[in-house]
Each structure stands twice: as structure tokens, then as C-alpha cells.
Amino acid sequence: MTNRRILITGSKGQLGSQVAEFLKQYEHDEVVALGREQLDVRVLESVEKVINEHEPDVVIHCGAYTDVDGAEKDPDQAFAVNAYGTRNVAIAARQVGAKLVYVSTDFVFDGESSTPYMEFDRPDPQTIYGQSKRAGEVFVQQLHNEFFIVRTSWLYGDRGHHFVQKILDRAHAQPYLEVVDDETGCPTYTYDLAVFIDQLIGTRAYGLYHFSNAGSCSRFEWAEKIVQLSRLETAVRRIQRTQLKVRTPRPMYSVLSHQSLEANGFPKPRRWEEALYHYLHRQL
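A brief report on the enclosed structure follows. (Residues numbered from 1 in each chain as written. Predicted model: local features only at pLDDT ≥ 70, side-chain atom pairs only at ≥ 80, totals over all residues. Heavy atoms only, no water.)

What follows deals with the environment of T9. Note on placement: T9 falls in strand 1 (residues 4–9). Separated by 134 residues in the primary sequence, T9 and L143 place their C-alpha atoms 18 Å from one another. Apart from residues lying up to four places away in sequence, T9 is in contact with L34, L39, I60, H61, C62 and G63. One polar contact links the side chain of T9 to the main-chain amide nitrogen of G63, over a distance of 2.9 Å. (Helix = DSSP H or I, 4+ residues; strand = E, 2+ residues; numbered from the N terminus. Contact = heavy atoms within 4.5 Å. Polar contact = N/O pair within 3.5 Å; in protein donor to acceptor, adjacent residues only side chain to side chain.)

Now the structure itself:
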């Protein structure tokens, strides 16, 4: 296989660290993993300088401002990173002729559907976070011609703060948990997403993709399965979102269709229950 130089932004984050770890197993590839300290995506000149120095064949843009509540308080920061930062990465990647992977989110949709969102359904983000990520998608489509936009949902993995770890922490500390049963989506294990990104960058099948593990569940069903697979005795009780004090509403429904995966011949993702078992088995 031809040697590749792959530059990853946001390499200390939940997804970026997983992608970097997975790709470093290949001796024929050189992986340049950059965190915020090495690459501030908000400054175009800095992004151009760093990417020109490394001359990557592929740029995987995992760096993002992902604090949904924080984005509502500081929209300028959210757009500086997710929109204009992505613009900067797209410009610099195209200058060196690198393929670009931009990781986006289910938050670009309104969350009001009752059937899985297809890749070409009309985006209608309801939050500042979703709007800033959608703006990043538009910049990529306008400024680059060899890109993969990968929308994903309900991420969890070995790094970062996420739903699975929060449920485990609470289940060890409390006799019962209350979890909403009226938010439906699909969990995505970062390892599985990293595998897909690796498959993707080996092709020229550019375009827009949705990736999550297969199937769907409510937050309650997800929590119940986490507790069950962890062999914990903690009870999980259903509640409605109206019973919570939520600063920023999350999409009520964010299941993603995998039409582009199937149309381009990529393997079907494994079920979310199987991926969760794999993650928890590694953690126990």
C-alpha cells in the first residue's frame, strides 16, 4: 500500500484520539496528530502554515467546539471553531491537495422526524452548536472538491465525557437512575467510526455520509442496556424530558439513515448493542 501522511486535528478529543490510535497501527502511514496547542484552527494563517509544513495526503478534521450548552452562551466561539475553523482547514487542505474528512453531527437536523434522516434531507439546526456545524459543512462543500462529510450521533469511547461513562458513574453511586424515554437516536462507538473513516479515506467516493451503529434506541433503553451489560443492580426509571431542567434542548429524534454507506459499497455498521458490549467488555 502507498505510504500516506495523515494529519488529524483535535487529536486529544474523544474522536480524534481514537482515530489517531487506530491509524497509527499501520506502519506504512505517517500520522500527524495535532491538538489545540499545536493547531489553533481559528487562525487561517496558522492553519495554512502548519498544513503546508506537513504536506499531508489526508486531513481528518475532528477538532470542534462540542459544548452544546456553552455554544448558546458563546455563539461567537462556537462559530469561530466549527464554522470558520473548518473553513480554514478546508482552504489549507485544498492548497496542498489533501483529501478532507469533516466530522459533523445529527444536530444539523431539527429532530422532529419519525423516520431516519437521509443524507440529503434538508438540514434545519435548532441550536447554535448545530448551526455552527452546518456552517462548517457548507464551507467544506464550497471550498474543497475532494471531501468526505461524515455526520454522526451519540458518540462514546475511551476518551472524553459521554453518556455511557456518566451512566456508569451514576449507577455506582446511586440506587436508581432516571433517564428520559422521549429522545431517540443511535449510539456511535468511536472505534467503529474510526474504522469507517479509515475505509473512507482509501477511496475517492467523495460526498456526504451518515455513520452510527445500526438500530436505534431511546436514552432510557441505552442506559438500561449499559447497566445490564455492566452487571449492575441499579434500577433505571423512565422519565420525560419535560421533567428535566435542560438548558439547551437536544433533538427528540436523530436516527441517521445509512443510504450513502450502502450505495457506495461500505460494510453495514454493527448493531449498537454489540458495539456497546465490545466497549464495556474492554472497560471491565
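Turning our eyes to something else, we now look at the environment of D57. Here D57 is to be found in the loop between helix 2 (44–54) and strand 3 (58–61). Distance from D57 to I6, taken between C-alpha atoms, is 6.0 Å for residues 51 residues apart in sequence.

As a rule of thumb, soluble globular proteins bury nonpolar side chains together. In this structure, V47, V59 and L100 are the most contacted members of the largest nonpolar core, which totals 28 residues. Of all elements in the fold, only strand 2 (29–34), helix 2, helix 3 (68–73), helix 4 (75–95), strand 4 (99–105), helix 5 (128–143) and strand 5 (147–152) reach the threshold of two or more residues within this core. Element by element, the count of residues in this core is highest for helix 4, at 6 residues. Ignoring any residue separated from it by four or fewer positions in sequence, one finds L100 in contact with V59, H61, V89, A90, V140, H144, E146, F147 and F148. (Core = buried A, V, L, I, M, F, W, Y, C linked by side-chain atoms within 4.5 Å. Buried < 20%, exposed > 50% of the residue type's maximum accessible area, 1.4 Å probe, protein only.)

Here helix 2 crosses helix 4 at 35 degrees, and the two axes come no closer than 9 Å. Two packed elements cross with a definite hand, and for helix 2 against helix 4 that hand is right-handed. Here L44, V47, E48, I51 and N52 of helix 2 lie close against helix 4, whose contacting residues are N88, V89, I91, A92, A93 and Q95. Class assignment for the residues of the contact of helix 2 with helix 4 results in 7 nonpolar, 3 polar and 1 charged. (Axes fitted to C-alpha atoms, helices over the stretch in contact; angles between N-to-C directions. Left-handed = near helix turned anticlockwise from the far one by under 90°. Nonpolar A, V, L, I, M, F, W, Y, C, P; charged D, E, K, R; others polar.)

In a regular helix each residue adds 1.5 Å, so 16 residues correspond to 22 Å; helix 5 covers 22 Å between its end C-alpha atoms and thus fits that length. Of the residues making up helix 5, those classed as buried are I128, Y129, G130, S132, K133, A135, G136, E137, F139 and V140. Looking at the buried side of helix 5, the elements it contacts are helix 3, helix 4, strand 4 and strand 5. (Expected span 1.5 Å × (residues − 1).)

Here we take up unusual backbone geometry. Phi is positive for W154, close to 45 degrees, though the residue is something other than glycine. The exposure class of W154 is buried, given its relative accessible area of 9%. Its identity is not glycine, yet R231 carries a phi of approximately 60 degrees, on the positive side. Mapping R231 onto the fold places it in the loop between helix 8 (219–229) and strand 12 (235–239).

Take the pattern of salt bridges next. Enumeration according to the criterion identifies 16 salt bridges in this entry. A salt bridge links R5 to E30; the shortest N-O distance between them is 3.0 Å. Within this pair, whereas R5 is found in strand 1, its partner E30 is found in strand 2, the two being separated by 25 residues in sequence. With a relative accessible area of 39%, E30 lands in the partly exposed category. Note that R219 is salt-bridged to E183, the shortest N-O span being 3.4 Å. Placement of R219 in helix 8 and of E183 in the loop between strand 7 (176–180) and strand 8 (184–185) is noted, with a sequence separation of 36 residues between them. (Salt bridge = Lys/Arg side-chain N within 4 Å of Asp/Glu carboxyl O.)

Turning next to the pairing of strand 3. Both faces of strand 3 are covered, namely the face carrying V58 and I60 and the face carrying V59 and H61. With 4 bridges joining them, strand 1 and strand 3 adopt parallel strand pairing. Bridging from a neighbouring strand, T9 pairs with H61 of strand 3. As defined by bridge partners, strand 3 adjoins strand 4 across 4 bridges and the pair is classed as parallel. Pairing of H61 across the sheet is with Y102, part of strand 4. (Pairing = 2+ DSSP bridges.)

Next up on the list: the packing of aromatic side chains. According to the stated counting rule, one finds 18 aromatic pairs in the structure shown. Each ring, one from Y189 and one from Y191, has its centre 6.0 Å from the other, and the planes form 35 degrees; the classification is tilted. In this structure Y189 comes out as buried when scored by relative accessible area, which is 0%. A residue is classified by how much of its surface remains accessible, and Y191, at 29% relative accessible area, is partly exposed. An aromatic cluster is built from F22, Y26, W154, Y156, F163, Y189, Y191, W222 and Y279, whose rings are joined through pairwise contacts. Taking the ring centre of Y176 as reference, the NZ or CZ of R237 above it sits at 3.7 Å. (Phe/Tyr/Trp six-rings, centres within 6.5 Å; stacked < 30°, edge-to-face > 60°. Lys NZ or Arg CZ within 6 Å of the ring centre and 35° of its normal.)

All we've got here are geometric facts, nothing functional implied.
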